[in-house]
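Spelled out, the chains give:
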Amino acid sequence: MGVFDKCYNFNRPDDMKSRGVYPYFREIQDSEGPVVTMEGRPVIMAGSNNYLGLTTHPHVKEAAIKAIEKYGTSCSGSRFLTGTIDLHNEMEHRIAKFMGKEAALLFSTGFQAGQGVIAPLMARGEYILSDRDNHASIVAGNMLASSININVVRYKHNDLEDIERRLKAIPLEENKIIATDGVFSTFGTVAHLDKITELAKQYNAQILVDDAHAFGVIGQGGRGTAYKFGVQDDVDLVVCTFSKTLASIGGFVVGEERVINYLKHKSPALIFSASPTPASVASAIAALDVLEQEPERVEKLAWNANYIRQGLRKSGFNVMDGETAIVPIIIGDDEKCFSIWRMLYDEGIFVNAFVSPATPPGMAMLRTSYMATHNEEHLAKIVTVFEKLGKKLGLLDEVNRAH
Ligand SMILES: Cc1ncc(COP(=O)(O)O)c(C=O)c1O
């Protein structure tokens, strides 16, 4: 058996492709607005993270173009050495101020930010308590941490009793960080930060929140999960991405100046990777301008997601409760999930199909997500088409429909 035999025998994607139900790596032939072009035809996009619809905003596009004209296409180096331009420093000041923290540090992706902050902050024998459903970037950070003998303790998803049980088992004087997504990316659940911050105080822990799906979506003016609960001063570090609300690519961490300064000099994900491109930072700064100047976009996004949540529930779908831009529709069986995915696509609607291991077995679902720039016509079409297909496939539940 050779190393690559597992690759040669990996046929599931080919099988799905041959049946026309492969939902991944689908090519988009223009910008990612509420309607995209796929295979040369218009398709309503109900699966994007472009939450405020800013990737095509004139101010954002112009900022990227001007940045390329002034700085060229790349900084060709890490922030540490030759890769820092004035735009990086400007964004760090802007984002720290927006988030009400002393300082910020930009990374080249949100993944690198999540992966890059945990291990450098911790020493041998200290503890990281991590939600089992945390994003892969935090999981990668935990793996690095455990490779240098930091204790990684995984607790049940968003389960306050389990967090407390595990905190109690660690001596009070030991250093620990609780790491949680603010909004969990698969089901859109919101971390109980109001209570987690209380536990952190009681048991002498620091808190790190990954707010990729909360930034621009919930909390005062879109400032994320801690602001939603009014506990922003009790959350020590927030890591986040430019790739969703901020309409770009890159990531950041905000926190105390001394902590950020330490990370600046200790995080391999920062030091050994080229800095975000001038166009990426310029467009994120411009997207932040729009977010600050037009906070009503955050409300429109919530309105849009609620329209779908209520509309599909009325139709009889099993729709998860929520208050974010993510609206998961539970289908159950993997094959049924891929079938409805394909039928939706044929009707001109793109959503994401999530099956095990991304979901618990038997919980295959369509993970839909919305933008502030969807209009009522888009939303009404989504509900109508879903209902038609739900009836056809026997997915509608009379109990749900009665409510
Ligand atoms: C919760 C969460 N954290 C981090 C990331 C990574 O962000 P980026 O796309 O900037 O690497 C994502 C994006 O998928 C995410 O969903």
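Residues numbered from 1 in each chain as written. Predicted model: local features only at pLDDT ≥ 70, side-chain atom pairs only at ≥ 80, totals over all residues. Heavy atoms only, no water.

Further remarks concern the nonpolar core. Counting 64 residues, the largest nonpolar core has Met91, Ile95, Ile178, Phe215, Leu246 and Phe252 as the members making the most contacts within it. Of the residues forming this core, the biggest block, nine residues, is contributed by helix α12 (residues 278-293). Among residues more than four places away in sequence, those in contact with isoleucine 178 are Leu129, Tyr155, Ile163, Leu167, Ile196, Ala200, Ala205, Gln206, Ile207 and Leu208. (Core = buried A, V, L, I, M, F, W, Y, C linked by side-chain atoms within 4.5 Å. Buried < 20%, exposed > 50% of the residue type's maximum accessible area, 1.4 Å probe, protein only. Helix = DSSP H or I, 4+ residues; strand = E, 2+ residues; numbered from the N terminus. Contact = heavy atoms within 4.5 Å.)

A separate point is the packing of helix α3 (residues 58-71) against α12. In the contact formed by α3 and α12, the axes pass within 8 Å of each other and the chain directions differ by 150°. Taken together, the axes of α3 and α12 lie roughly antiparallel to each other. Between α3 and α12 lies a crossing of right-handed hand. Judged by residue contacts, His59, Val60, Ala63, Ala64, Ala67, Ile68 and Tyr71 of α3 engage Pro278, Ala279, Ala282, Ser283, Ala286, Ala287, Asp289 and Val290 from α12. (Axes fitted to C-alpha atoms, helices over the stretch in contact; angles between N-to-C directions. Parallel < 35°, antiparallel > 145°, perpendicular 65-115°, else oblique. Left-handed = near helix turned anticlockwise from the far one by under 90°.)

A few words on helix α14 (residues 334-346). Here α14 is 13 residues long and its end C-alpha atoms lie 19 Å apart, about the 18 Å a rise of 1.5 Å per residue gives. Residues Cys337, Phe338, Ile340, Trp341, Leu344 and Tyr345 constitute the buried set of α14. All buried residues of α14 fall inside an arc of 165° around its axis, so they share one side. The opening residue of α14 is aspartate 333, an N-cap whose side-chain oxygen sits 3.3 Å from the backbone nitrogen of glutamate 335. Taken from the residues just after α14, glycine 348 is the one with a positive phi, measuring 90°. (Expected span 1.5 Å × (residues − 1). Arc of directions from axis to C-beta. Polar contact = N/O pair within 3.5 Å; in protein donor to acceptor, adjacent residues only side chain to side chain.)

To continue, consider the packing of aromatic side chains. Inspection of every chain in the model, using the stated rule, returns 10 aromatic pairs. Ring plane angle 40° and centroid distance 6.2 Å describe the contact between phenylalanine 242 and phenylalanine 252, whose orientation is recorded as tilted. Residue phenylalanine 242 is located in the loop between β8 (237-241) and β9 (251-255), and its partner phenylalanine 252 is located in strand β9; the two are separated by 10 residues in the primary sequence. When sorted by exposure, phenylalanine 242 lands in the same class as phenylalanine 252, which is buried. On the numbers, 5.4 Å between centres and 10° between planes, the contact of tryptophan 341 with tyrosine 345 is stacked. (Phe/Tyr/Trp six-rings, centres within 6.5 Å; stacked < 30°, edge-to-face > 60°.)

Bringing the site of the ligand into the picture now. Neighbouring the ligand are 14 residues; Gly110, Asp210, His213, Thr241 and Lys244 lie closest to it. Measuring from an oxygen atom of the ligand, one finds a backbone N or O atom of glycine 110 at 2.6 Å. With respect to the ligand, the side chain of serine 243 contributes an N or O atom lying 3.0 Å from an oxygen atom. Taken together, the residues of the shell around the ligand break down into two nonpolar, nine polar and three charged. (Near = heavy atom within 4 Å. Nonpolar A, V, L, I, M, F, W, Y, C, P; charged D, E, K, R; others polar.)

Let's shift gears to the sheet that holds strand β1 (residues 35-38). What the three strands build is an open sheet, ordered β1-β2-β12; its pairing is mixed. At either end of the open sheet lies a strand with only one pairing partner, and these are β1 and β12 (349-350). Alignment of β1 against strand β2 (residues 41-45), held across four bridges, turns out to be antiparallel. Across the sheet, the residue bridging to threonine 37 is proline 42, located in β2. (Pairing = 2+ DSSP bridges.)

Tracing the backbone through its elements, the reader meets threonine 324 in the loop between β10 (318-319) and β11 (326-332). Relative accessible area serves as the criterion here: at 2%, threonine 324 is assigned to the buried category. There is a polar contact of 3.1 Å between the side chain of threonine 324 and the backbone nitrogen of isoleucine 326.

In terms of domain boundaries, the protein chain breaks down into domain 1 (14-45 + 295-402) and domain 2 (56-293). If you average the C-alpha positions of domain 1 and of domain 2, the two centres end up 28 Å apart. Buried surface at the junction of domain 1 and domain 2, summed over both partners, amounts to about 1400 Å²; 66% is from carbon and sulfur atoms. If you look at where domain 1 meets domain 2, you find one salt bridge. Taking the shortest distance from any N to any O, the salt bridge between lysine 228 and glutamate 323 comes out at 2.9 Å. Linking domain 1 to domain 2 there are two residue pairs in polar contact (both at pLDDT 80 or more). Counting only elements with at least two residues in the side of domain 1 that touches domain 2, the list comes to α13 (296-315), β11 and β14 (364-369). In terms of residue count, α13 provides more of the side of domain 1 that touches domain 2 than any other element does, four residues in total. (Domains from an automatic or database assignment. Buried area = accessible area lost by both parts, 1.4 Å probe. Salt bridge = Lys/Arg side-chain N within 4 Å of Asp/Glu carboxyl O.)

One can find arginine 223 in the loop between β7 (206-210) and α9 (225-229). Buried charge without a partner: arginine 223 forms no salt bridge, and the closest opposite charge is glutamate 292, 5.3 Å away. Sequence-distant contacts of arginine 223, that is, excluding residues within four places in its chain, are made with Phe98, Met99, Asp211 and Ile218. (Lys, Arg positive; Asp, Glu negative; His and termini not counted.)

Moving on, we come to the pairing of β14. Strand residues, when the strand is regular, have side chains that alternate between the two faces of the sheet. Across the six residues that make up β14, a large majority, six, are buried. Burial of the side chains of β14 extends over both faces: Ala364, Leu366 and Thr368 are buried on one face and Met365, Arg367 and Ser369 on the other. Note that β11 and β14 share six bridges and pair antiparallel. Bridging across to β14, isoleucine 326 finds its partner in serine 369. Sheet topology note: the strand β13 (residues 352-354)/β14 ladder contains three bridges and is antiparallel.

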